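Structural characterization, general
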Amino acid sequence: MIEAVVFDLDGVLIQSEEVWDEVREVFVRERGGRYDEEVQRAMMGMSSTEWSRYLHDTADVPDEPEAINTEVVKRMLASYESHLPLLEGAVAAVQRLARDFTLAVASSSNRPIIDTVLRVAGIAGCFAATVSSEEVARGKPAPDVYLEAARRLDVAPERCAAVEDSHGGIRSAKAAGMRVLAIPNATYPPDEESLGQADVVLRSLDELTLERVAGANDRSGK
């Protein structure tokens, strides 16, 4: 029986991958580093510690990782305060599930970004716990962030359903032992192997109903 639902943030509640991509690309190019499709895809799902180190070590950004992280997050927060790119149906889906399940967020975004998004969207009160992958040892696709979310909720992982959009996120939630409802990211879709691990594949947040979560072993939504 599912007792809790753990949402990813980027690509599930907000259409943010494009914002992250734009902000990091501008920053990297300003610093004389390399930014291409390989760099962009490699960073998907990484924690802030991991992607800032990656930009320094692999993409030739001369700034130290901590400085990279600080500046990119500063620019992201400014963008979200100006315009929050909520996905259609995000607020309604959260409020709908909050009536019957305990909710959490397990995100690769930094803590200030998670808090800002939920505050600006007006849904912070719907979540009993939020976890950033910067608060655990490893980012997605490792299971750490989902296991920590379950721990903070005091709910066994196998009694949690995760809502994900990306290959790393799907693998992370499955590795944690959770049931996974995937809503594939339209811009950066998960690979077929990762998508095949999902218990349910939905077309949109409108299909994320109480019934689909409770029967998350039904793959008829694929």
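The following paragraphs examine the structure supplied in this document.

In this section: the overall build of the protein. In terms of helices and strands, the protein carries 10 helices and 6 strands. With respect to the three principal axes, the spread of C-alpha positions in the protein is 50 × 35 × 30 Å. With 222 residues in all, the protein has 57% of them scored as buried. Across the protein, the fraction of contacts at a sequence separation of at least 24, relative to all contacts at a separation of at least 6, is 63%. For the protein, the exposed area adds up to about 9,400 Å²; of that, 48% sits on carbon and sulfur atoms. Averaging the positions of the 24 positive and the 39 negative side-chain charges in the protein gives two centres separated by 3 Å.

On to the sheet that holds strand 4 (residues 160-164), then. In space, the 6 strands of this open sheet follow the order 3-2-1-4-5-6, with parallel pairing throughout. Edge positions in the sheet fall to strand 3 (129-132) and strand 6 (200-201), since each has one partner strand and no second. Both strand 1 (residues 4-7) and strand 2 (residues 102-107) contribute to a ladder of 4 bridges, which runs parallel. Of the residues in strand 2, the one forming a bridge with Val 6 is Ala 104.

Further remarks concern helix 3 (residues 48-57). If you check which residues of helix 3 are buried, you get Ser 48, Trp 51, Ser 52, Tyr 54 and Leu 55. Projected onto a plane normal to the axis of helix 3, the buried residues spread over an arc of 155° and lie on a single side. Those residues of helix 3 hidden inside the fold are in contact with helix 1 (17-30), helix 2 (37-43) and helix 4 (65-82).

What counts, and at which threshold
Residues numbered from 1 in each chain as written. Predicted model: local features only at pLDDT ≥ 70, side-chain atom pairs only at ≥ 80, totals over all residues. Heavy atoms only, no water. Helix = DSSP H or I, 4+ residues; strand = E, 2+ residues; numbered from the N terminus. Buried < 20%, exposed > 50% of the residue type's maximum accessible area, 1.4 Å probe, protein only. Contact = heavy atoms within 4.5 Å. Areas by Shrake-Rupley, 256 points an atom, 1.4 Å probe, with all protein chains shown as cover. Lys, Arg positive; Asp, Glu negative; His and termini not counted. Charge placed at Lys NZ, Arg CZ, Asp CG, Glu CD. Pairing = 2+ DSSP bridges. Arc of directions from axis to C-beta.

Geometric descriptors of this kind do not, in isolation, establish any biological role.
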